[in-house]
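Each chain, letter by letter, is given below.
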Amino acid sequence: MTSETTTTTTTGVAEATPAAPASQMIGGGSSVIGRIPWTLIVFLVACSVPWIGGRYNTFLAEQIAIDALFAVSLNLLLGTTGLVSFGHVAYFGVGAYVCGILMKTYNVPFILAFPAAGLGAALFALVSGYFCVRLIKLYFAMLTLAFSQIIWAIAYKWNDVTGGDQGLPEIPFPSFDWLNHVPWLGDLKTSDQFYLLTVLLIAISLAIIHRIVRSPFGRVLTTIRDNPERAAFIGVNVKLYQLAAFVVAGTFAGFAGALYGLFSRGVFADYVFWSKSAEVMIMTILGGMDYFWGPPIGAFALVWLNQEITDYTQYWPFFLGAILLVLLFGFPGGILGGVDMLWQRLRRARRA
Amino acid sequence: MAPSFLFSQFMGGLTTAMFLFLIASGLSLVFGIMRVINFAHGSFYMLGAYLAWQGVQWFHPTGPGFWAASLFAACGVGVLGAVVERLFFRSLYGREELYQLLFTYALVLILGDAAKFLWGTDQLSVSTPPVLAGSVQIFGSTQPLYNLFIMAIGPLIAFLGWLVLNRSGVGRMVRAAQMDREMLDALGANVGTIYTGMFVFSSFLAGLSGALVTPIQSIVPGMDVLIIVQAFIVVVIGGMGSFWGTFWGSVIYGEVLSFGILIFPGFSLFSVFALMAVILIVRPWGLFGRPL
């Protein structure tokens, strides 16, 4: 991650975007903590999990990585553009089904099925997004929900293609035979090799999304979030930008879905049910939707909490609900928002 | 197709419709006045069903206990609605809709697990009250009396709701709150009480419909998240906030589902969601609503 001297947008809404202190804290800035290449460390740690972590931790790490990409793609809408999509799981599901159907039914290699999953999700996001961005607020949320339930209904009922309520079990892993003679990698189990591929693909995806968010295009999206009227006034085609954000977010959700289908060895209609959209939203808010690295931290926290709590009780949803309540009423900025606030307070105290 | 078959299909659709109307009317009311989409409405409905089952066990497992149990369930859920509104919802009115949506979703999670904790995960069922246990022949098709009762209750509630909203002092206040909350507040009306009252009434309706559904459907975990999407569809078709809209929205939903099964079997689920999407695209405020 490069250092950012964020002066936000040109529209004078700098005070409304909490992105500036966040990037000082996590990315650049002059502090010692800021100079440590965190993303590189996280990436290397993630890559080493199969060797040092064992099978269960690899499983958890893969879950976290995929959820992180899914949540970051949602946050492109939620945090960056200010669009409350309650149907983001639709694009995740389209990606999962496209990749799963191609690989299982048609024996298409992963190297083609994976991009096809992103393409499929992008196309559906283009069509549904075209209609969604014309609506505002609650109507937007309702229409995204409707589209995601359409996907669910298709997945649940179109037995010949999607497997209906039986789903598509036993999707084959991509072939890693060519790795056999590579030292270190060749000795790993196929699931571990797939894990490494997942981490690599997700790291690339996150880097791309990060570039998009920090690009002039991303700045315009933030402007639209903060004040759509003003954005329109300075000549921005608001709907077009929102649609572009919608398609990009959908594409990466599709990639996450494709990886998830392979990771969990099957694609099922449950993956596309509307409550999954709420779950990824909770992840995003938990980490902090005002920060690029919020959603991955939320994904990490939620997966970790889930496995800690389900060790003791089957009532995980109850705890999730309770966490959500604490979050909404106590820390609306999420984990990073809370850390950020604490950090600012410490700095002020030190200066005084 | 035989006319009697079509008729019974029609009546089946109407039963579904009137049930959904009972549920969706409360949802629509809360949306119309407070501009909040309440995901927990389905959970209130589920709790109504469980409380009715509990009441039947307590009062009179076979006989007239059902009616007392239904009232008990509706009131119980109404009280829960009051607590939720006073403790939490109140502080969310000014906030972004994202937080409101997520708050109601948190309730879905918590109440769903609470129901599992209290009543377990087995299917529970309640027998039809003896008075309505029989059935009658209409146009050559057999109609259970209980279904006819539901079909009568739906329009009755709709009519009463319309009467209260449009012909009473309380209704005038509610409509004023719907149009301009701040102005009503400034004029000295107690908007907070109106909001609480509306939320309690909406929860009461959800609890009542949950109780009334028990003789026809078994009570299972997960009925909350399944019903809420259906209620959303109905409210969207009719127009969020419109009482009669919700009524006709329910009828359209019930009949589309009922005849959709005949025309494209397996895809009637798809057709109702597609209908919801089309309405939102063409007329976001619904068939009977007004643009915001």
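Our subject is the structure that appears above.
Residues numbered from 1 in each chain as written. Chains lettered and ligands numbered in written order. Predicted model: local features only at pLDDT ≥ 70, side-chain atom pairs only at ≥ 80, totals over all residues.

Caption draft 1: Here's a closer look at the overall build of chain B. Each helix and strand in chain B was counted, giving eleven helices and two strands. Listed by position from the N terminus, the elements making up chain B come as α-α-α-α-β-β-α-α-α-α-α-α-α. What you see for chain B is a C-alpha radius of gyration of 19 Å, in line with the 19 Å of a compact globule of 292 residues. The C-alpha extent of chain B, read off along each of the three principal axes, is 60 × 45 × 35 Å. When each of the 292 residues of chain B is scored for burial, the buried share is 51%. For chain B, restricting intrachain contacts to residue pairs at least 6 apart in sequence, the fraction spanning at least 24 positions comes to 77%. (Helix = DSSP H or I, 4+ residues; strand = E, 2+ residues; numbered from the N terminus. Rg over C-alpha atoms; globule rule 2.2 N^0.38 Å. Buried ≥ 20, exposed ≤ 12 C-beta atoms within 10 Å, placed from the backbone. Contact = placed C-beta atoms within 7 Å.)

Caption draft 2: Looking closely at the environment of Thr 104 of chain B. Take Thr 104 of chain B: it is sitting in helix α4 (residues 97-119). Residues Thr 104 of chain B and Pro 291 of chain B lie 187 residues apart in sequence; the distance between their C-alpha atoms is 25 Å.

Caption draft 3: Highlighting the nonpolar core. Leu 69 of chain A together with Leu 102 and Met 276 of chain B are the most contacted members of the largest nonpolar core, which totals 210 residues. No other element matches the 16 residues that helix α1 (residues 3-34) of chain B contributes to this core. With residues near it in sequence (within four places) discarded, Met 276 of chain B still touches Ala 146 of chain A together with Ile 233, Val 236 and Ile 237 of chain B. (Core = buried A, V, L, I, M, F, W, Y, C linked by C-beta atoms within 7 Å.)

Caption draft 4: Broad picture of the environment of Met 276 of chain B. Among the secondary structure elements, Met 276 of chain B is positioned in helix α11 (residues 268-282). Once the C-alpha coordinates of Met 276 of chain B and Gln 230 of chain B are considered, the two residues, 46 residues apart in sequence, prove to be 9.9 Å apart.

Caption draft 5: Expanded view of the pairing of strand β2 (residues 141-144) of chain B. Residue and element names in this part refer to chain B. As paired elements, strand β1 (residues 135-138) and β2 share four bridges and run antiparallel to each other. Of the residues in β2, the one forming a bridge with Val 136 is Gln 143. Between the end of β1 and the start of β2, which pair antiparallel, lie two residues, with Phe 139 showing a positive phi angle near 50°. (Pairing = 2+ DSSP bridges.)

Caption draft 6: Representation of the interface of chain B and chain A. Taken residue by residue, the interface counts 30 residues in chain B and 34 residues in chain A. Looking at the side of chain B that touches chain A, the elements that each hand over two or more residues are α4, α9 (223-238) and α11 of chain B.

Caption draft 7: Structural detail: the packing of helix α6 (residues 169-179) of chain B against helix α8 (residues 191-213) of chain B. All names here are of chain B. Two elements in contact, α6 and α8, have axes whose closest approach is 10 Å; the angle formed by their N-to-C orientations is 105°. Taken together, α6 and α8 sit at an angle that is classed as roughly perpendicular. Of α8, the residues touching α6 (which contributes Met 173, Val 174 and Ala 177) are Val 191, Ile 194 and Met 198. Tallied by class, residues from the contact of α6 with α8 come to six nonpolar, no polar and no charged. (Axes fitted to C-alpha atoms, helices over the stretch in contact; angles between N-to-C directions. Parallel < 35°, antiparallel > 145°, perpendicular 65-115°, else oblique. Nonpolar A, V, L, I, M, F, W, Y, C, P; charged D, E, K, R; others polar.)

Caption draft 8: A look at helix α7 (residues 137-157) of chain A. A rise of 1.5 Å per residue sets the reference length of α7 of chain A, with its 21 residues, at 30 Å; its end C-alpha atoms lie 30 Å apart and thus fit the reference within 8%. Counting buried positions along α7 of chain A yields 18 of 21 residues, so the element is predominantly enclosed. (Expected span 1.5 Å × (residues − 1).)

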